[in-house]
Amino acid sequence: MTALEIDKIMYDIATGKYTDCQRRLDAVPKDHKVERKALIIEWEMYGLCNRAGLLWYAWGTREACLRKRSGVIGQILQRYPRLNEVFTRLDEEERMIFIAALQAEIFMRDQFMRSYCAELKKAEAAKDLESSFELQIKIGACENVFKAWEQWRRENDLYAGMFSEGLS
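What counts and what doesn't
Residues numbered from 1 in each chain as written. Predicted model: local features only at pLDDT ≥ 70, side-chain atom pairs only at ≥ 80, totals over all residues. Heavy atoms only, no water. Helix = DSSP H or I, 4+ residues; strand = E, 2+ residues; numbered from the N terminus. Buried < 20%, exposed > 50% of the residue type's maximum accessible area, 1.4 Å probe, protein only. Contact = heavy atoms within 4.5 Å. Expected span 1.5 Å × (residues − 1). Bend = angle between axes of the 7 residues up to and from the residue. Polar contact = N/O pair within 3.5 Å; in protein donor to acceptor, adjacent residues only side chain to side chain. Core = buried A, V, L, I, M, F, W, Y, C linked by side-chain atoms within 4.5 Å. Arc of directions from axis to C-beta.

Counting through the fold element by element, Ser132 comes out in helix α6 (residues 129-155). What makes Ser132 buried here is its relative accessible area of 8%. Each residue touching Ser132, except ones within four places of it in the same chain, is listed here: Leu120, Ala123 and Glu124.

Below, the structure written as structure tokens:
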């Protein structure tokens, strides 16, 4: 399987979550404001996984996006010594597969989940129910995508367990 094929699959997984959430949102009556707000936040997070995590078509082509992501991963991996150790032992072709399979999740964990979890602790300590509510949805949506990506990696024996086994 090529890096481009893997990249497309990662996109399809997140897009499936996005589309499913859109269907659920469309089914909720307009006067159910809290439920709609929750679904809108969740829906936006699935879109963020594709736009920010995968840079979906931000650079014109998937090849260009993968090149851009390969330039960014080195900066992020410095904060994840075990993942960096695995990455640095790979040849160029396998590095692109690693990037296609894992970089979006690494980026989302590093740039978003880390801060969301810290913000949630502060919001809960301050008993800020509205912020806690929103942050729990954001974290949950990201975790939904991460679990689906991990399930696919396990099914395809491709860098499975890189986060759950403490390698990050």
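To continue, consider helix α5 (residues 92-125). Here α5 contains 34 residues, and its C-alpha end-to-end distance of 46 Å stays within 8% of the 50 Å for a straight helix at 1.5 Å per residue. The axis of α5 is deflected most strongly, by about 50 degrees, at Leu102. At the N-terminal boundary of α5, the capping side chain belongs to Asp91, with an oxygen 3.2 Å from the backbone nitrogen of Glu93. Count one or two residues on from α5 and you reach Lys127, which has phi positive near 55 degrees.

Our focus in this paragraph is the nonpolar core. Ranked by size, the top nonpolar core spans 55 residues in total, and within it Phe98, Ile106, Met108, Trp149 and Tyr159 carry the most contacts. Secondary-structure elements contributing two or more residues to this core are α1 (3-27), α2 (33-53), α3 (62-77), α4 (81-88), α5 and α6. Counting residues per element, this core draws most heavily on α5, at 16 residues. Those residues in contact with Tyr159, other than ones at most four positions away along the chain, are Val86, Leu90, Glu94, Ile97, Phe98, Ala101, Leu102, Glu150 and Arg153.

Every buried residue belonging to α4 is among Leu83, Val86 and Phe87, and all of these are buried. Around the axis of α4, the buried residues are gathered within 100 degrees of arc, so they sit on the same side. Buried positions along α4 lie against α3 and α5.

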